[in-house]
Amino acid sequence: MEATRLIAVRHGETAWNVDTRIQGQLDIALNATGLWQARRVGQALAEEPIGAIYASDLARAWQTAQEIARPRGLEVGAEPGLRERAFGHFEGRTFADIDANLPEQARLWRTRDPAFAPEGGESLLDFRARVTGTASRLAERHPGELVVLVAHGGVMDVLYRAATGQELQAPRTWHLGNAAINRLLWTPQGFTLVGWGDTGHLDQGTLDEATA
């Protein structure tokens, strides 16, 4: 079976990214900077032979995907399996609020306990299974093609770990910037890393995803 080439893109910036407020599966739209970043990533990928585009159905990812799809007349496939990790009662709170008011839960979250799930949310184990299963299912539809997946910082983190063999609890040393271009290969044997964190199309800095 031919490998599927994947371009994985994190959505553009939102006001909640700037405020270090956890979005999770709340539907937060792009801010002005995020819309600019989305247009820039669309321009950067304009000459790529993209066969299909799939995106999380949350507005910040959906808006970003539309800027990639529009120049080439492609439809974006809505894929709830590419949503950000569900953070339950963490959603809407700032990092500082969680650290101050939920110290034990904050410790489990920040030390990346794989089994820990905020109330109403997902564990890292469940999140990884959802993301890798979804990405594999989508890639399997397009052997030999180039497919774009537009999603979230946590999703990018899961894909990087899957492609490099990093454990869920391994400290993160890789960047998860807004609107960065990340390249992978998929075969039935799994994911392989090709290139990561390309922000050359952005002429100003991007915020890293500190929650993943």
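Residues numbered from 1 in each chain as written. Predicted model: local features only at pLDDT ≥ 70, side-chain atom pairs only at ≥ 80, totals over all residues. Heavy atoms only, no water.

**Topic: the overall build of the protein**
- When its secondary structure is counted, the protein shows seven helices and six strands.
- From first element to last, N terminus to C terminus, the protein shows the α and β order β-α-α-β-α-β-α-α-α-β-α-β-β.
- The C-alpha radius of gyration computed for the protein amounts to 16 Å, which stays within 12% of the reference 17 Å derived for 212 residues, consistent with globular compactness.
- Structurally, the protein occupies a C-alpha span of about 50 × 40 × 25 Å along its principal axes. (Helix = DSSP H or I, 4+ residues; strand = E, 2+ residues; numbered from the N terminus. Rg over C-alpha atoms; globule rule 2.2 N^0.38 Å.)

**Remarks on the pairing of strand β5 (residues 181-187)**
- The pairing of strand β1 (residues 4-10) with β5 spans six bridges and is antiparallel. Following the sheet pairing, Val9 is matched in β5 by Ile181.
- Bridge analysis of β5 against strand β6 (residues 190-198) gives six bridges, and the strand direction is antiparallel. Directly across from Arg183, in β6, lies its bridge partner Gly195. (Pairing = 2+ DSSP bridges.)

**Thoughts on the sheet that holds strand β3 (residues 76-78)**
- Taken in spatial order, the six strands of this open sheet run β3-β2-β4-β1-β5-β6, and their pairing is mixed. The sheet is open, and its two borders are formed by β3 and β6, each paired with just one other strand. In this sheet, adjacent strand axes meet at a mean angle of 25 degrees when their direction is disregarded.
- Where β1 lies against strand β4 (residues 146-151), six bridges are found, and the strand directions are parallel. Note that in β4 the partner of Ala8 across the bridge is Leu149. (Axes fitted to C-alpha atoms, helices over the stretch in contact; angles between N-to-C directions.)

**Some words on the nonpolar core**
- Ranked by size, the top nonpolar core spans 24 residues in total, and within it Leu6, Tyr54, Leu149, Val155, Leu159 and Phe191 carry the most contacts.
- Taken together, the elements giving at least two residues each to this core come down to β1, β2 (50-55), α6 (124-140), β4, α7 (153-164) and β5.
- Dropping the residues within four chain positions of it, Tyr54 is found in contact with Val76, Gly77, Leu82, Leu138, Arg141, His142, Val147, Val148, Leu149 and Val150.
- Ranked by size, the runner-up nonpolar core spans 16 residues in total, among them Ala65, Ile68, Ala69 and Val148. (Core = buried A, V, L, I, M, F, W, Y, C linked by side-chain atoms within 4.5 Å. Buried < 20%, exposed > 50% of the residue type's maximum accessible area, 1.4 Å probe, protein only. Contact = heavy atoms within 4.5 Å.)

**A word on the packing of aromatic side chains**
- For the structure shown, the criterion picks out six aromatic pairs.
- Pairing Phe90 with Trp109 gives two aromatic rings, centres 5.6 Å apart and planes at 70 degrees, and the pair type is edge-to-face. In this pair, Phe90 sits in the loop between β3 and α4 (95-101) while Trp109 sits in helix α5 (residues 103-110), placing the two residues 19 residues apart along the sequence.
- Of the residues examined, Phe90 reaches a relative accessible area of 0% and is grouped as buried.
- Among the residues examined, Trp109 registers a relative accessible area of 6% and is labelled buried.
- On the numbers, 6.2 Å between centres and 45 degrees between planes, the contact of Phe90 with Phe116 is tilted. Here Phe90, found in the loop between β3 and α4, pairs with Phe116, found in the loop between α5 and α6; they are 26 residues apart in sequence, far enough to count as distant.
- Grouped by ring-pair contacts, the aromatic residues Phe87, Phe90, Phe95, Trp109 and Phe116 constitute a single cluster.
- Lying over the aromatic face of Trp16, Arg21 brings its terminal NZ or CZ to 5.9 Å of the ring centre. (Phe/Tyr/Trp six-rings, centres within 6.5 Å; stacked < 30°, edge-to-face > 60°. Lys NZ or Arg CZ within 6 Å of the ring centre and 35° of its normal.)

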